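Observations on the three-dimensional arrangement
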Amino acid sequence: MEIKICQSCGMPMKRIKDYGIFPNKNRSKEYCHFCFQEGKFVDPDITIEQMINRVAVVMADKMKMTERQARGMAENFLPSLKRWHC
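Presented here is an overview of the structure given in this document. (Residues numbered from 1 in each chain as written. Predicted model: local features only at pLDDT ≥ 70, side-chain atom pairs only at ≥ 80, totals over all residues. Heavy atoms only, no water.)

On to the layout of surface pockets. The computed volume of the largest pocket comes to approximately 640 Å³. Lining the largest pocket are 21 residues; nearest its centre among them are Cys9, Gly10, Met11, Pro12 and Val58. Among the elements that line the lining of the largest pocket, the one with the most residues is helix α1 (residues 48–63), at seven residues. Within the lining of the largest pocket, the residues separate by chemical class into 15 nonpolar, one polar and five charged. (1 Å grid on protein atoms, 1.4 Å probe; cavity = no way out; pocket = protein on both sides within 12 Å on 5 of 7 lines; lining within 4 Å. Points joined across faces, edges and corners; volume = space filled by probe spheres on them. Helix = DSSP H or I, 4+ residues; strand = E, 2+ residues; numbered from the N terminus. Nonpolar A, V, L, I, M, F, W, Y, C, P; charged D, E, K, R; others polar.)

Scanning the entire structure with this criterion turns up one cavity of 30 Å³ or more. Space inside the largest cavity adds up to approximately 40 Å³. Phe34, Cys35, Val42, Asp43, Ile46, Met51, Arg54 and Arg83 are the residues that line the largest cavity. When grouped by side-chain class, the residues that make up the lining of the largest cavity number five nonpolar, no polar and three charged.

One non-glycine residue, Glu38, adopts positive backbone phi at about 55°. Within the secondary structure, Glu38 sits in the loop between β5 (36–37) and β6 (40–41). The class of Glu38 is partly exposed, set by a relative accessible area of 41%. One non-glycine residue, Lys64, lies in the positive phi region at around 55°. (Buried < 20%, exposed > 50% of the residue type's maximum accessible area, 1.4 Å probe, protein only.)

Moving on, we get to α1. Its 16 residues place the ends of α1 21 Å apart at the C-alpha level, agreeing with the 22 Å of an ideal helix rising 1.5 Å per residue. For α1, every residue scored as buried is listed here: Ile48, Met51, Ile52, Val55, Ala56, Met59 and Ala60. Projection of α1 onto a plane perpendicular to its axis shows the buried side chains occupying an angular sector of 155°, all on one side. Count one or two residues on from α1 and you reach Lys64, which has phi positive near 55°. (Expected span 1.5 Å × (residues − 1). Arc of directions from axis to C-beta.)

Our next topic: the packing of aromatic side chains. Tallying each qualifying case throughout the model produces four aromatic pairs. Aromatic pair Phe36 and Phe41: ring centres 5.8 Å apart, planes at 80°, arrangement edge-to-face. Phe36 gets classed as buried once you look at its relative accessible area, which sits at 7%. You can call Phe41 partly exposed: its relative accessible area is 25%. Above the plane of the ring of Phe41 lies Arg83, whose end atom (NZ or CZ) is 3.7 Å from the centre. (Phe/Tyr/Trp six-rings, centres within 6.5 Å; stacked < 30°, edge-to-face > 60°. Lys NZ or Arg CZ within 6 Å of the ring centre and 35° of its normal.)

Let us look at the pairing of strand β4 (residues 27–32). In this sheet, β4 lies alongside strand β3 (residues 19–21) in antiparallel orientation, the contact comprising two bridges. Counted as the bridge partner of Tyr19 is Cys32 from β4. Between β3 and β4, which pair antiparallel and follow one another directly, the connecting turn spans five residues, one of which, Lys25, has a positive phi of 80°. (Pairing = 2+ DSSP bridges.)

Taken by themselves, the reported measurements are silent on function.
Structure below.
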């Protein structure tokens, strides 16, 4: 399975368990397990601004950068993801 990124939060999905799941146990090809469970979004009403805030905190920690740097990256990247093209 090729490495993809979640089309909601941008998380790299490297392993099968990283992918979200449908009620029939099939895996989503677009969304991670943090964003998508049982065939629906975990936070269906989250705004892109709230997702940017959430992602920036995680990115800053995992990528060893300031939250300001991470927020800038998230602000530039997240709007290009499928979930935010409504």
